[in-house]
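Spelled out, the chains give:
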Amino acid sequence: MRKLLTLGGLLLATLSASAQWNSDSTVFRVTDLQSTRPENVKTLQLAGGKTLVTWSQQTGSDYSSPRNLFMQLIDKDGMRQLGNNGKQVNKYDLYSYSTPYNIVTDSVGNAIIAYLDCRTDTSKTGAFYRPYFYKVDPTGQQLWGKDGVAADVADSLRCGDLDLVNCNGDIYALFSRPRTATSVYDDVSVVEKLNADGTDAFSEPIVIDGSGTNIFPTPDGFIAVYLSNEHPYAQRYNGTTGQPVWQTPLALNPSCSMNAAWNDKTFLGYPDGNGGVIIQYEPSDENYNTSNVFQKINGDGTADTPVDYLDGYSSDASTKLLFDPEAKAIYAMYSQRASDWTSTSLKLQKYGYDLKAQWSEAKTLGKASIAPTAYALLKATDGGVVAAYGLQPTYDTTFVCLAHYSAEGDSLWTSTAHGSSSIAYVNAENDPSGIYTFFTEAPTSSSAGVAGLMVNTDGTVGLPYDLDIHVSEAGTLATLVPADKKYSAASLKLSGNLNGDDVSVLRDMCGVSSTQEETDGKVTRLNLADARFVSGGSSYASVPDEYGWDQVALYTNDDEVPAYLFSTGKQGCAMTTVILPRTTKSIGAYAMASNASLTQITIPDSVTTIDDNAFAGSGLTSVVVPEAVSYMGKYTFWGCAYMTSAVLPESTT
């Protein structure tokens, strides 16, 4: 049974070692552990190799507390740029519920965010949800201010179904509102074209007589697809004037009836390259039998006959699509339940723009008794596709999985990248060196956070490092470090045996000399998971004895993180993240002391002893102490001014 204690703002938790948060060395933090659960994670690639991660989160532990929007910037090394728990985007939300929002990039690499916010106004009775727009640059600055820019709609109207779409560099905001101030369950769709300052470029917003609207770019504007009286329609609009192009809306499938998708877009699609668009949706017949169709809408206001791409089988979850315009191909990912309802499979198939399947049979990505959910499809550098998804074999275990298929349908690799008790909202972004995958994870019933991991282009899991060195013979690290990298590498991964001579080199590269002075070393992210400290070699440093009269030489010991490893006595080195060796049994005195920049530490389950002042004065914000630790010295976390949570062994008194 896990226990949580709150003392003076410090959250203390006790749990078994098997449930430790982020014990997997390949996982990096987007947020720390918190008592409120983040939801609806979305990601976006920005300029400079940074990834914007956004999510909604309640501000308190009860359901009546406001739900706000947060963001975090992750650099190419997986490091957080906006504090340990990100930065709140919106002003505030009066009520707690799953607020719709979306993010897109503009033509210069900024992020545009739309959020449906409910703000208090004491001059009115009641509360009304109104869209607000925010612009965020690659450094995390909010260019339209903390309050954002309000949509061009009366604040007495309760809005919903918020979305953003980039059409040829122009940013359009879509949302629904009641037809009149007094109408209920009778919505229309509104389209605004956002200026550089967030205001509406049209003299008046476009009002579409329907709901569930999505828009798709054309050379001169966009095609809107929407539901009216539970039937799908389309209309083409001029992007300069906002006026309709076709004389009357186009009825796409008059014989069917359908409702707007729940928590997803009703219509997915992509331009066909000839002024038209290929869309996907899920219509129903008069007996409520659902099918899954592709349909081509032509630029002249006509539409081809819908094609049932699943041959009459109804998908259990909204299809995820990836369009490859160069190859004129569509990748579709969907779930399919067995006829006896005992299992559900996640499927992947490739179609041409002629809407015919290009692989002889759909690929099965995963199969479980609990329905898997498709989350992300990414175009691979070889012209194929990478799928990122969550697979839940039991109610207590979920895995983040990835699979890479060539354009011809050959399986190139699969990766079960990470597993935990509860994972949701998986999203992914491409990077030249691999795939950043982000997700929410709840390791305990009362704690959750946002995390990420890197899956490399060959399917291996782990962040890239400036240097990745294996020390096959202890004492030889100095000969293995390239001269031009010794003082320029910002990230370092070491494996093999490390003795006193190696530790001297390591300290030098991390900014501290044998005399506890600063060096030109720039390593801030260090992974020692596959390394082992061993006895032998020269002394790596000396420190005053307890009376301050004599200097005591320091040497390495087997499976011990060396005392004063990264401590300089006052300033500490610039280390931000350290993953200790998996073989570690003890952590020496002052090992990480005075490292104010150190925010993340991974202590392996094998550790049994932590000596005095090991992390004193560091910048740690949270820590997990393994269950096996039977002794912690005095002042272990003394002076850790930013510490907010500590997970301690259950036996700790």
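Here the residue index of a chain counts from 1 through its sequence in written order. Where local features are concerned, this predicted model is filtered to residues with pLDDT of at least 70; where side-chain atom pairs are given and counted, the filter is 80 or more; whole-chain, interface and lining totals use all residues. Hydrogen atoms and water are omitted, and side-chain values are computed over all heavy atoms in the structure.

**Student:** Account for the sheet that holds strand S5 (residues 51-58), naming residues and giving values.
**Tutor:** The sheet built from four strands is open, its strands ordered S4-S5-S6-S7 with antiparallel pairing. With one partner strand each, in any of the chains shown, strand S4 (38-45) and strand S7 (87-88) form the two edges of the open sheet. A pair of strands is treated as paired once DSSP finds two or more bridges between them. Labels follow the DSSP assignment, with helices taken as runs of H or I lasting at least four residues and strands as runs of E lasting at least two, numbered in each case from the N terminus. Here S4 runs beside S5; their pairing, made up of six bridges, is antiparallel. Paired with threonine 43 across the bridge in S5 is valine 53.

**Student:** So what about the sheet that holds strand S14 (residues 187-193)? Which residues, and what values?
**Tutor:** By way of backbone hydrogen bonds, the strands of a sheet pair with one another, either parallel or antiparallel. With respect to topology, four strands assemble into an open sheet ordered S12-S13-S14-S15, the strand pairing being antiparallel. In the strand order of this sheet, the two ends are held by strand S12 (160-167) and strand S15 (206-208), each with one partner. Shown here is a sheet whose adjacent strand axes are inclined to one another by a mean of 25°, direction ignored. The sheet contact formed by strand S13 (residues 170-178) and S14 spans seven bridges and is antiparallel. Among the inter-strand pairings, alanine 173 is bridged to a residue of S14, identified as glutamate 192. Angles run from 0 to 180 degrees between N-to-C directions of axes, and those axes are lines fitted to C-alpha atoms, restricted for helices to the stretch in contact.

**Student:** Could you give an account of empty space enclosed by the protein, naming the residues involved and the relevant values?
**Tutor:** Using only the protein atoms, space was sampled on a 1 Å grid; points where a 1.4 Å probe fits but cannot get out form cavities, open sets with protein on both sides within 12 Å along at least five of seven lines form pockets, and lining residues are those with an atom within 4 Å of a point. Grid points are joined across faces, edges and corners, and a volume is the space filled by probe spheres set on the points. Per the counting criterion, the structure on display carries two cavities of 30 Å³ or more. Taken as a whole, the largest cavity holds about 50 Å³ of empty space. Along its surface, the largest cavity is lined by Asp161, Leu174, Phe175, Ser176, Ser189, Val190, Val191, Gly212 and Thr213. Sorting the residues of the lining of the largest cavity by element identifies S13, S14 and strand S16 (211-218) as the ones contributing at least two each. Think of it as three bins: nonpolar holds Ala, Val, Leu, Ile, Met, Phe, Trp, Tyr, Cys and Pro, charged holds Asp, Glu, Lys and Arg, and polar takes everything else, Gly as well. For the lining of the largest cavity, a count of residues per class yields four nonpolar, four polar and one charged.

**Student:** I'd like to hear about the pairing of S16, residue by residue, with values.
**Tutor:** Relative accessibility decides the category of a residue: with a 1.4 Å probe and only protein chains considered, values under 20% of the type maximum give buried, values over 50% give exposed, and everything between is partly exposed. Buried residues dominate S16, accounting for seven of its eight residues. Summarising the sheet, S16 and strand S17 (residues 221-228) pair through six bridges and their orientation is antiparallel. Looking across to S17, one finds that asparagine 214 is bridged to valine 225. Taking the residues that link successive antiparallel strands as the turn, the S16-S17 hairpin has two residues.

**Student:** Outline helix H2 (residues 500-509), listing residues and values.
**Tutor:** Within H2, eight of the ten residues are buried, which leaves it mostly tucked inside the rest of the structure. Among all positions of H2, only Gly500, Asp502, Val503, Val505, Leu506, Arg507, Asp508 and Met509 are buried. Contact definition: two residues touch when any of their heavy atoms are within 4.5 Å. Taken together, the buried residues of H2 touch strand S35 (467-471), helix H1 (477-480), strand S36 (491-498), strand S37 (525-533) and strand S38 (541-544). The N-cap of H2, judged by a side-chain oxygen 3.0 Å from the amide nitrogen of aspartate 501 a few residues on, is asparagine 499. Downstream of H2 by one or two residues, glycine 511 has phi in the positive range, about 105°. Under this definition, polar contacts are N or O atom pairs within 3.5 Å; protein pairs additionally need one hydrogen-donor-capable and one acceptor-capable atom, and for neighbouring residues in sequence, both atoms have to be side-chain atoms.

**Student:** A description of the packing of aromatic side chains should follow, citing residues and the corresponding values.
**Tutor:** Any Phe, Tyr or Trp ring, taking Trp's six-membered ring, that has another such ring centre within 6.5 Å forms a pair; planes under 30 degrees apart are called stacked, those over 60 apart edge-to-face, and the others tilted. Summed over the entire model, instances satisfying the criterion amount to 20 aromatic pairs. Measuring from ring centre to ring centre gives 6.0 Å for phenylalanine 28 and phenylalanine 438, while their planes differ by 75°; the resulting arrangement is edge-to-face. Taken as a pair, phenylalanine 28 in strand S3 (residues 27-29) and phenylalanine 438 in strand S33 (residues 434-444) lie far apart in primary sequence, 410 residues in all. The exposure classification of phenylalanine 28 matches that of phenylalanine 438, with both residues buried. Aromatic pair tyrosine 436 and phenylalanine 438: ring centres 6.3 Å apart, planes at 20°, arrangement stacked. Clustering of aromatic rings is evident, with ring pairs tying together Tyr172, Phe202, Phe222 and Tyr237. Two limits define a charge over a ring: the Lys NZ or Arg CZ must be within 6 Å of the ring centre, and within 35 degrees of the ring normal. Between the NZ or CZ atom of lysine 363 and the centre of the ring of tryptophan 359, over which it lies, the distance is 5.4 Å. Here the guanidinium or amino end of arginine 525 rests over the ring plane of tyrosine 465, the centre of that ring lying 4.2 Å away.

**Student:** Break down the pairing of S17 for me, citing the residues and quoting the values.
**Tutor:** Among the eight residues of S17, eight are classified as buried, and the element is accordingly described as predominantly covered. Pairing analysis gives eight bridges linking S17 to strand S18 (residues 231-238), with the strands arranged antiparallel. Its bridge partner lying in S18, leucine 227 is registered against proline 232. Two successive antiparallel strands, S17 and S18, enclose a turn made up of two residues, where asparagine 229 displays a positive phi of approximately 55°.

**Student:** Talk me through the environment of asparagine 557; I want residue IDs and the actual numbers.
**Tutor:** By the element assignment, asparagine 557 lies in the loop between strand S39 (551-554) and strand S40 (560-561). We classify asparagine 557 as partly exposed; its relative accessible area is 38%. Note: C-alpha distance between asparagine 557 and serine 586 (29 residues apart in sequence) is 9.7 Å. Those residues in contact with asparagine 557, other than ones at most four positions away along the chain, are Phe533, Val534 and Ser535. Side-chain polar atoms of asparagine 557 contact the side chain of glutamate 560, separated by 3.1 Å.

**Student:** Tell me what's going on with the pattern of salt bridges, and back it up with residues and numbers.
**Tutor:** Side-chain pairs of opposite charge can arise whenever the charged atoms involved come near each other. Between Lys or Arg on one side and Asp or Glu on the other, a salt bridge is scored when a side-chain nitrogen of the former is within 4 Å of a carboxyl oxygen of the latter. Counting across every chain of the model gives 13 salt bridges. The partner of aspartate 32 in a salt bridge is arginine 80, with the nearest N and O atoms 3.0 Å apart. Of this pair, aspartate 32 sits in the loop between S3 and S4 while arginine 80 sits in the loop between strand S6 (67-74) and S7, placing them 48 residues apart in sequence. With a relative accessible area of 1%, aspartate 32 lands in the buried category. Assessed through its relative accessible area of 12%, arginine 80 is described here as buried. Note that aspartate 220 and arginine 236 form a salt bridge whose closest N and O atoms lie 3.1 Å from each other. Here the residue aspartate 220 occupies a position in the loop between S16 and S17, and arginine 236 occupies one in strand S18, the gap between them amounting to 16 residues. Residue class for arginine 236 comes out buried when judged on its relative accessible area of 11%. Each of Arg29, Asp32 and Arg80 takes part in a single network of salt bridges with overlapping partners.

**Student:** Quick one: what's the story with the confidence of the model for the protein, residue by residue and with numbers?
**Tutor:** For the protein, per-residue confidence averages 84 on the pLDDT scale, and 89% of positions sit at 70 or higher. One number per residue, pLDDT, summarises how confident the predictor is, and it ranges from 0 to 100. Segment residues 1-23 is flagged for pLDDT under 50; beyond a separation of four residues in sequence, or across chains, it makes 62 contacts in the model.

**Student:** If you had to explain unusual backbone geometry to someone new, which residues and values would you point to?
**Tutor:** Backbone geometry at tyrosine 425 places phi at a positive 55°, although glycine is not the residue there. Along the polypeptide, tyrosine 425 turns up in strand S32 (residues 423-431). Assessed through its relative accessible area of 32%, tyrosine 425 is described here as partly exposed.

**Student:** Residues and numbers for the nonpolar core, please.
**Tutor:** Take the buried Ala, Val, Leu, Ile, Met, Phe, Trp, Tyr and Cys residues and link them wherever side-chain atoms come within 4.5 Å; each set so joined is a nonpolar core. Core analysis: the biggest nonpolar cluster contains 49 residues, and Leu492, Ile587, Met592, Ile601 and Phe615 have the highest contact counts within it. Residues in contact with methionine 592, not counting those within four places in the same chain, are Val561, Leu565, Phe566, Val578, Leu580, Leu598, Ile601, Ala614, Phe615 and Ser618. Among the nonpolar cores identified, the runner-up in size contains 20 residues, and Ala114, Phe133, Val149 and Val190 belong to it.

**Student:** Pulling in residues and values, what's your account of the side chain of threonine 43?
**Tutor:** Following the sequence through the fold, threonine 43 ends up in strand S4. Look at threonine 43 and you get buried, because its relative accessible area is 8%. A distance of 3.0 Å separates a polar atom in the side chain of threonine 43 from a polar atom in the side chain of glutamate 429. Dropping the residues within four chain positions of it, threonine 43 is found in contact with Thr51, Leu52, Val53, Ile103, Asn427, Ala428, Glu429 and Phe438.

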